[in-house]
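Single-letter residue listing:
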Amino acid sequence: MVSRVIPVGPFDLVIFGATGDLARRKILPGLFHRFQVGQMPDEARIIGSARSPMSQAGFRDMAGAAIRQYVPEADQAGSRLAQFLERLDYVAVDASGDGGWPELAGKLRPEAIRAFYLSVSPSLFGVIAGALQRAGMNTAESRIVVEKPFGHDLASAEALNAGLRHCFEEHQIYRIDHYLGKETVQNLMVLRFANSLYEPLWNSTHIDHVQITVAESVGVQGRGEYYDQAGAMRDMVQNHLIQLLCLTAMEPPSKFTPDAVRNEKVKVIHALEPVPSQDIVRGQYRAGGGMDSYRDHAGNPDSTTESFIALKVSIANWRWAGTPFYLRTGKRLRERVSEITVVFRDPPRMIFQGAQNLRGNALIIRLQPDEGITLRTTIKDPGPGGMRLTEVALDMSFADALGPEVRTQDAYERLIMDVIRGDQTLFMRGDEAEAAWAWADPIIAGWQDTQGVPDAYDPGGSGPEDALMLLHRDGRRWRGIGEK
Ligand code: BG6
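Residues numbered from 1 in each chain as written. Predicted model: local features only at pLDDT ≥ 70, side-chain atom pairs only at ≥ 80, totals over all residues. Heavy atoms only, no water.

(A) Inspection of the pairing of strand β5 (residues 142-146) at higher detail. By the criterion of burial, β5 is predominantly enclosed, with 5 of the 5 residues buried. Judged by which residues are buried, β5 turns out to be covered on both faces: Ser142, Ile144 and Val146 on one side and Arg143 and Val145 on the other are all buried. Bridge analysis of strand β4 (residues 113-118) against β5 gives 5 bridges, and the strand direction is parallel. Note that in β5 the partner of Arg114 across the bridge is Ser142. Summarising the sheet, β5 and strand β6 (residues 173-175) pair through 3 bridges and their orientation is parallel. Bridge pairing in β6 links Val146 to Arg175. Considered for its hand, the β-α-β crossover made up of β5, helix α6 (residues 154-165) and β6 is right-handed. (Buried < 20%, exposed > 50% of the residue type's maximum accessible area, 1.4 Å probe, protein only. Helix = DSSP H or I, 4+ residues; strand = E, 2+ residues; numbered from the N terminus. Pairing = 2+ DSSP bridges. Right-handed = clockwise from strand over helix to strand, strands pointing away.)

(B) Spotlight on the site of the ligand. Around the ligand, a shell composed of Lys148, His178, Tyr179, Lys182, Glu216, Arg223, Asp235, Met236, His240, Lys331, Arg336 and Gln368 is seen. His178 is positioned such that a nitrogen or oxygen atom in its side chain is 2.8 Å from an oxygen atom of the ligand. Within the contact set of the ligand, an oxygen atom lies 2.6 Å away from a side-chain nitrogen or oxygen of Lys182. Here the ligand has 400 Å² of accessible area as a free molecule, and 82% of this is covered by the chains. The element best represented in the shell around the ligand is helix α8 (residues 224-249), accounting for 3 residues. Broken down by class, the residue content of the shell around the ligand amounts to 2 nonpolar, 3 polar and 7 charged. (Near = heavy atom within 4 Å. Polar contact = N/O pair within 3.5 Å; in protein donor to acceptor, adjacent residues only side chain to side chain. Areas by Shrake-Rupley, 256 points an atom, 1.4 Å probe, with all protein chains shown as cover. Nonpolar A, V, L, I, M, F, W, Y, C, P; charged D, E, K, R; others polar.)

(C) Representation of the sheet that holds strand β14 (residues 389-397) in the model. The mixed open sheet is built from 9 strands, whose spatial order is β14-β13-β12-β11-β7-β10-β9-β8-β15. Only two strands of the sheet have a single partner each, and these edge strands are β14 and β15 (455-457). Averaged over all neighbouring strand pairs, the angle between strand axes comes to 20 degrees, with direction disregarded. When strand β8 (residues 280-285) meets β15, the two strands line up parallel, connected through 3 bridges. By the bridge assignment, Gly283 is partnered in β15 with Asp455. (Axes fitted to C-alpha atoms, helices over the stretch in contact; angles between N-to-C directions.)

(D) Representation of α8. The end-to-end C-alpha distance of α8, which contains 26 residues, comes to just 33 Å, noticeably less than the 38 Å that a straight helix rising 1.5 Å per residue would cover. Along α8, the sharpest kink reaches roughly 100 degrees, centred on Gly231. Within α8, 23 of the 26 residues are buried, leaving the element largely enclosed by the surrounding structure. (Expected span 1.5 Å × (residues − 1). Bend = angle between axes of the 7 residues up to and from the residue.)

(E) Seen up close, the nonpolar core. Counting residues in hydrophobic clusters, the biggest one holds 140 residues, and the most contacted among them are Phe16, Leu31, Phe84, Met233, Leu311, Phe325 and Trp439. A total of 12 residues in this core trace back to one element, the largest contributor, which is α8. With residues up to four places along the chain from it excluded, the contact list for Leu311 reads Met233, Val237, Val275, Asp279, Ile280, Phe325, Tyr326, Leu327, Ile443 and Leu470. (Core = buried A, V, L, I, M, F, W, Y, C linked by side-chain atoms within 4.5 Å. Contact = heavy atoms within 4.5 Å.)

(F) Spatial organisation of the packing of aromatic side chains. A full pass over the atoms with the stated rule returns 13 aromatic pairs. On the numbers, 6.4 Å between centres and 25 degrees between planes, the contact of Phe125 with Phe150 is stacked. Of this pair, Phe125 sits in helix α5 (residues 125-134) while Phe150 sits in the loop between β5 and α6, placing them 25 residues apart in sequence. On the basis of an interplanar angle of 75 degrees and a centroid distance of 6.3 Å, the ring pair of Tyr198 and Trp202 is categorised as edge-to-face. The structure contains a cluster of three or more aromatic residues connected by ring pairs, namely Tyr227, Tyr285, Tyr294, Phe308 and Tyr457. A cation over an aromatic ring shows up here: Lys182 above the ring of Tyr179, its NZ or CZ 4.6 Å from the ring centre. (Phe/Tyr/Trp six-rings, centres within 6.5 Å; stacked < 30°, edge-to-face > 60°. Lys NZ or Arg CZ within 6 Å of the ring centre and 35° of its normal.)

(G) Representation of the pairing of strand β9 (residues 308-313) in the model. Of all 6 residues making up β9, 6 are buried, and the element is well covered by its neighbours. Burial along β9 is two-sided: Phe308, Ala310 and Lys312 and Ile309, Leu311 and Val313, pointing in opposite directions, are all buried. Alignment of β8 against β9, held across 4 bridges, turns out to be antiparallel. Within β9, the residue paired with Arg282 across the bridge is Ile309. Relative to strand β10 (residues 325-330), β9 runs antiparallel, the two being bridged by 6 bridges. When the sheet's bridge partners are listed, Lys312 is paired in β10 with Tyr326.

Structure follows, in structure tokens:
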């Protein structure tokens, strides 16, 4: 494993909701990885906290089991798990009551960086922030980290912001959108702003349209109750897809600082046009292939929540006027694929015959699973038969290009270390979250007002037929889900 880590300073990280799913699947394994590669100083301490009483040894056992379960075996080689677990402690805290706060305060070192990670229901964000403040735990070196969902509409997001800002300054608040921690999502900024090749073409003069697809093969089983209240628009579009759109569409920031980057992203969100109902397709997976339907998973036989959505989005600014962004995301689709496809305009005049079936130049940025970049290029079909044209992919997979020893870190590893470093670049600012809701709310209200019912689609495909039509009617077509 290549070590290019920059160690962080001593810290106390308190995880509220430390026995929950996110802590076991992502936060603790992520911290363990950072410990393994030597990023975590000897003085780092992780204090788990939840309502139920548990001994320090009990918490260490639980964390050890989670790490053995969720960290790939290859990354456990030469493991220093026992040394990592020594950094763990536990305090039972009743988040909405008085119990446990003085004990927690007693565990924290006055001089160390403090991070309070709220892996709990958003209804507790303000409550916990207030209790930390009252117990004198909010020092100048404190940060508070919150998870999505950050509200379910503008009003609730404003209330969450108000609750947090009542006790913490904006520069102390870290709102996680884990897509921003993904290696290839960060690469999007490097691709655009560290190469001179793309920028001259990165506008509506040269780009016909952009497609952003986040397809998942899993359904919503196990979390149907939450999901049925949210749907794909709230669960994925308002946050992850809008973030991808912002990074693709934003102007170059004048410097790479948290506020310079976030200012540019907010400007994009403010420039998003309202989306008319004819530019929206909602879908819901039906049963098939021996698998249950969305309604079975949601436990709601009458549900009209969408497990798929496709939208045509326009950005009203000089760079993008006339270049639509087509977004789509859904559950139970053919494959798990996230990619951004930037489709360039055709040459102004084609001098070769037989170009009708070509799709034209496109830059495909694959975020997962096989991270990389592909440039679709037109070439001469080799051999005799005249000047026949064909398309090939100039294909770069990061794994091949950078070597197998470079491990792609999980988003949470990067984000937690950024919290400790005090770098907010990859976190949503309060106004950004609110702006995204201000755009999403009328879209959701539109189908609620008309009591719209999503189109049923077969599992294992690419969503409802109408989603394909959304592009066909504009003379365009989606890149296939999983297309090579
Ligand atoms: C979460 C959503 O934020 O992102 C889930 O709530 C979704 O519904 C998940 O499955 C997708 O994340 P990833 O990293 O697997 O693409």
